[in-house]
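# Inside the fold
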Amino acid sequence: DSIAKDNNRNADSNNIFIPGGTTKYNNNLIYSLVNNPSINIKYKISIKYHPNDSSKQFSKLKKKKNIELFNQFDDITKIISKTKLVITDISESSILAMILNKPVFFVYTTDYMKSLFKDIYNFEEKESNYFCFNSMNKLFNSIDLIMNDNLYFEKVKSIQNKFIKN
């Protein structure tokens, strides 16, 4: 608990972290967020290459304002500790973020991903509606909400902390 509290004190209140994956889905998510003016103007977006990704697929994003890229060898714990929100699909980094008391937004675009999500995370349907999204518009609206509404922020963390403790 004390590690999580320390991490929240060091968090950048405007920072969103997206762990880069090796799937086409993750690339679509990253580019959708980076290219959305309502997101990329208001918030800093940190992207870390997946440990198995030696490509430079996001290198052209370096030129964009409010984008920070991390290579596949950078310490993900340090990156997460300096962020307010993590956005991902099914990933180990989501578990780490929840352990560090950071809220995680999950995005899935297929029924298969949704069923896989349910099998792995086992959140109640009602609860997962706070932080699981199957459309970019819902995700974009909820990003603004969690970044600016402390009650919503704390609600998501509370639900996810309950999952970690079980």
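What comes next is a walk through the structure. The model shown is predicted, which means the values in this text are computed figures rather than measured ones.

Contact geometry for helix α5 (residues 92-99) and helix α9 (residues 150-165): axes closest at 9 Å, N-to-C directions at 105°. The angle between the axes of α5 and α9 places the two elements in the roughly perpendicular class. Of the residues in α9, those in contact with I95, M98 and I99 of α5 are Q160, N161, F163 and I164. Classifying every residue of the contact of α5 with α9 gives 5 nonpolar, 2 polar and no charged.

The next subject is the pairing of strand β1 (residues 15-19). Taking burial as the measure, the 5 residues of β1 include 5 buried ones, the bulk of the element. Pairing geometry for β1 and strand β2 (residues 44-48), over 5 bridges, is parallel. The residue bridging F17 from the neighbouring strand is S46, located in β2. Bridge count between β1 and strand β4 (residues 85-88): 2 bridges; the pairing is parallel. Across the sheet, the residue bridging to F17 is V86, located in β4.

The next thing to look at is the packing of aromatic side chains. In total, this model carries 13 aromatic pairs according to the counting rule given. Residues F105 and Y152 carry aromatic rings whose centres are separated by 6.4 Å and whose planes lie at 65° to one another, so their mutual orientation is edge-to-face. Separated by 47 residues along the polypeptide, F105 in strand β5 (residues 104-107) and Y152 in helix α9 bring together distant segments of the chain. Residues F106 and F131 carry aromatic rings whose centres are separated by 6.2 Å and whose planes lie at 55° to one another, so their mutual orientation is tilted. Of this pair, F106 sits in strand β5 while F131 sits in the loop between α7 (125-128) and β6 (132-133), and the two are 25 residues apart along the sequence. Side by side, F106 and F131 carry an identical accessibility label, which is buried. A network of ring pairs unites the aromatic residues F106, Y108, F117, Y121, F123, F131 and F163 as a single cluster. The ring centre of F153 lies 5.0 Å from the NZ or CZ of K84, which sits over that ring.

A few words now on the pattern of salt bridges. For the structure shown, the criterion picks out 6 salt bridges. Of the charged contacts, one joins K42 and D144 as a salt bridge, the two residues approaching to 2.9 Å between their closest N and O atoms. Here the residue K42 occupies a position in the loop between α3 (37-40) and β2, and D144 occupies one in helix α8 (residues 136-148), the gap between them amounting to 102 residues. A salt bridge links E154 to K157; its shortest N-O distance comes to 3.5 Å.

Once that is clear, we can look at the packing of α8 against α9. When two helices pack together, their arrangement is captured by the angle between the axes and the distance separating the axes. Axis separation between α8 and α9 bottoms out at 5 Å; the angle between their running directions is 100°. If you check the angle between α8 and α9, you find them roughly perpendicular. For the pair α8 and α9, the contacting residues are S142, L145, I146 and N148 in the first and N150, Y152, F153 and V156 in the second. When grouped by side-chain class, the residues that make up the contact of α8 with α9 number 5 nonpolar, 3 polar and no charged.

By the secondary structure assignment, D89 is in the loop between β4 and α5. Within the buried set, D89 has no salt-bridge partner at all; the shortest N-O distance to an opposite charge, 13 Å, is to K48.

About the thresholds
- Residues numbered from 1 in each chain as written.
- Predicted model: local features only at pLDDT ≥ 70, side-chain atom pairs only at ≥ 80, totals over all residues.
- Heavy atoms only, no water.
- Axes fitted to C-alpha atoms, helices over the stretch in contact; angles between N-to-C directions.
- Helix = DSSP H or I, 4+ residues; strand = E, 2+ residues; numbered from the N terminus.
- Parallel < 35°, antiparallel > 145°, perpendicular 65-115°, else oblique.
- Contact = heavy atoms within 4.5 Å.
- Nonpolar A, V, L, I, M, F, W, Y, C, P; charged D, E, K, R; others polar.
- Buried < 20%, exposed > 50% of the residue type's maximum accessible area, 1.4 Å probe, protein only.
- Pairing = 2+ DSSP bridges.
- Phe/Tyr/Trp six-rings, centres within 6.5 Å; stacked < 30°, edge-to-face > 60°.
- Lys NZ or Arg CZ within 6 Å of the ring centre and 35° of its normal.
- Salt bridge = Lys/Arg side-chain N within 4 Å of Asp/Glu carboxyl O.
- Lys, Arg positive; Asp, Glu negative; His and termini not counted.

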